[in-house]
Amino acid sequence: MTTKNRANPLYQIQYAVRNPGKVAPYARRLARDLVLRVRARDHVSYYRAVMKSDTARSAEAAVGSKSHDRWLALGTMQFDYLVEHGLKPTDRMLEIGCGNLRAGRLFIDYLDAGNYYGIDISPDILIAAQQTLATQGLQDKLPHLTPTRDLTFAFLPDAHFTVAHAHSVFSHSPLHVIEECFAHIGRVLAPGGFFDFTFDRTEGREHQVLHEDFYYRTETLVKLAERYGLRGQFMDDWETRPHGQSKIRITHG
Ligand SMILES: C[S@@+](CC[C@H](N)C(=O)[O-])C[C@H]1O[C@@H](n2cnc3c(N)ncnc32)[C@H](O)[C@@H]1O
């Protein structure tokens, strides 16, 4: 959680003075993102291009892990939390923004064959996800890995998924993308099912940085979910995990 506004120029100057080594990489990212944004027709196309560029360097870094140990730990953290919350091998899981299966590899291993469905806007990260499947020896679990352009889930069946999960996806999403997800997730969620997502929480002003990182207040997302007949619950027990984002659980209202 933060109360800081990272988009505020004063904050950025103070941060640069405190962290001079980060100025050059930030300037390079700013320049790259400007070019990508000019070329892209919408946010999803832009973010797909960001992922293409990042994945070309390192798939693990592209999903936000600075080291392989961190990649392993972040996957385990997501998996353990859901198992503690009753995830069963028979659950049918939709992972939105599955990346290169940082957590997906553990879900796939645990769930019955065919019960994992990962979607992502980035074909490049999905190729990296296939590599993870191969290196982890998960071929027999026959998971689905599907590229998507939007979050309408139009190609998925009604009331199918008992668990949906999106980790570090809405932290990179403008509100209209989250709204699209809320407008449609209820249709594919089974009765009694739930959808957990993390987000970068601010208790100050909502803002974004480089159109890559978005900061929301809890009540904004809970009220948005209510508009689509969904109930949002802030997950207090996630706050104890060593992770900077917060978590909300969505259920049918
Ligand atoms: C920070 S990574 C996290 C990946 C994975 N959830 C994990 O924890 O390792 C964010 C992922 O979400 C994907 N993504 C971003 N916006 C998306 C959207 N609107 N729909 C589907 N995937 C999206 C990105 O391509 C990327 O793979």
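Residues numbered from 1 in each chain as written. Predicted model: local features only at pLDDT ≥ 70, side-chain atom pairs only at ≥ 80, totals over all residues.

**Some words on the overall build of the protein chain**
Spelled out, the test is: Strands are runs of DSSP state E lasting at least 2 residues, helices are runs of H or I lasting at least 4, and numbering of each runs from the N terminus. Taken over C-alpha atoms, the radius of gyration is set against a globule rule of 2.2 Å times the number of residues to the power 0.38. In this scheme every C-beta is placed from the backbone, and a residue whose C-beta has 20 or more other C-beta atoms within 10 Å is buried, one with 12 or fewer is exposed, and one in between is partly exposed. We call two residues in contact when their backbone-placed C-beta atoms lie within 7 Å.
Helix and strand counts for the protein chain come out as nine helices and nine strands. For 253 residues, the compact-globule estimate of 2.2 N^0.38 gives 18 Å, and the C-alpha radius of gyration of the protein chain, at 18 Å, lies within 12% of that figure. If one aligns the C-alpha atoms of the protein chain with their principal axes, the spans along those axes are about 50 × 40 × 35 Å. In the protein chain, buried positions account for 36% of the 253 residues. For the protein chain, contacts bridging at least 24 residues in sequence account for 68% of all contacts bridging at least 6.

**Some thoughts on unusual backbone geometry**
Its identity as a non-glycine residue notwithstanding, leucine 101 has a phi of 70°, on the positive side. Note that leucine 101 resides in the loop between strand S1 (93-96) and helix H6 (104-110). Classification of leucine 101 by C-beta neighbours within 10 Å gives buried; the count is 29. The residue leucine 142 is not glycine, and still its phi comes out positive at about 40°.

**Thoughts on the nonpolar core**
One broad rule of soluble globular proteins: the nonpolar side chains tend to lie buried together. Put simply, the rule is: The term nonpolar core means buried Ala, Val, Leu, Ile, Met, Phe, Trp, Tyr and Cys residues held together as one set by C-beta atoms within 7 Å.
Formed by 52 residues in total, the largest nonpolar core has its most connected members in Met93, Phe107, Ala164 and Ile185. Ignoring anything within four residues of it in the chain, the contact list for alanine 164 reads Leu94, Ile96, Ile185, Leu189 and Phe195.

**Section: the packing of helix H3 (residues 43-57) against helix H7 (residues 123-135)**
A pair of packed helices can be characterised by two numbers: the angle between their axes and the separation between those axes. As a reminder of what qualifies: Only the stretch in contact is used when a helix axis is fitted, and all axes are lines through C-alpha atoms; the angle between N-to-C directions ranges over 0 to 180 degrees. Every angle not falling under 35 degrees, over 145, or within 65 to 115 is termed oblique; those three ranges are roughly parallel, roughly antiparallel and roughly perpendicular.
The interhelical angle for the contact between H3 and H7, taken along N-to-C directions, is 40°, at an axis separation of 8 Å. With respect to H7, the element H3 is oriented oblique. Along the contact surface, H3 presents Met51, Lys52 and Thr55, while H7 presents Asp124, Ile125 and Ala128.

**Regarding the site of the ligand**
Applicable threshold: The C-beta atom of each residue is placed using the backbone, and any residue whose C-beta lies within 6 Å of a molecule or strand is treated as near it. Amino acids are sorted into nonpolar (Ala, Val, Leu, Ile, Met, Phe, Trp, Tyr, Cys and Pro), charged (Asp, Glu, Lys and Arg) and polar (every other residue, Gly among them).
Looking at the ligand, there are 24 residues lining it, with Gly97, Gly99, Arg102, Ser122 and Ser168 nearest. Per-class residue counts for the shell around the ligand are 13 nonpolar, nine polar and two charged.

**Some details on the UniProt feature "domain: Methyltransferase type" (unreviewed entry) in the protein chain**
Just so we agree on the cut-off: UniProt positions are given in the numbering used here, feature names are shortened, and annotations may be inferred rather than shown by experiment.
Here the UniProt feature "domain: Methyltransferase type" (unreviewed entry) sits at residues 94-195. What you have in residues 94-195 is 33% helix and 25% strand, and the ends, taken at the C-alpha atoms, are 9 Å apart.

**Observations concerning the environment of leucine 34**
Mapped onto the fold, leucine 34 is located in helix H2 (residues 23-39). C-alpha of leucine 34 to C-alpha of leucine 210: the two residues are 176 residues apart in sequence and 8.3 Å apart in space.

**Thoughts on the environment of proline 143**
Among the secondary structure elements, proline 143 is positioned in the loop between H7 and strand S3 (144-147). Judged by the 25 C-beta atoms lying within 10 Å of it, proline 143 falls in the buried class. Spatially, the C-alpha atom of proline 143 lies 35 Å from that of threonine 202, the residues being 59 residues apart in sequence.

**Details of the pairing of S3**
What counts, and what does not: Here the rule is simple: two strands pair whenever DSSP picks up at least two bridges between them. A clockwise path from the first strand over the helix to the second, with the strands pointing away from the viewer, defines a right-handed crossover.
Two strands pair when backbone bridges link them, and strand S2 (residues 116-120) and S3 are joined in this way by four bridges, in the parallel orientation. Residue pairing across strands places aspartate 120 opposite proline 147, the latter belonging to S3. Between the parallel pair S2 and S3, the chain is carried across by H7, and the sense of this crossover is right-handed.

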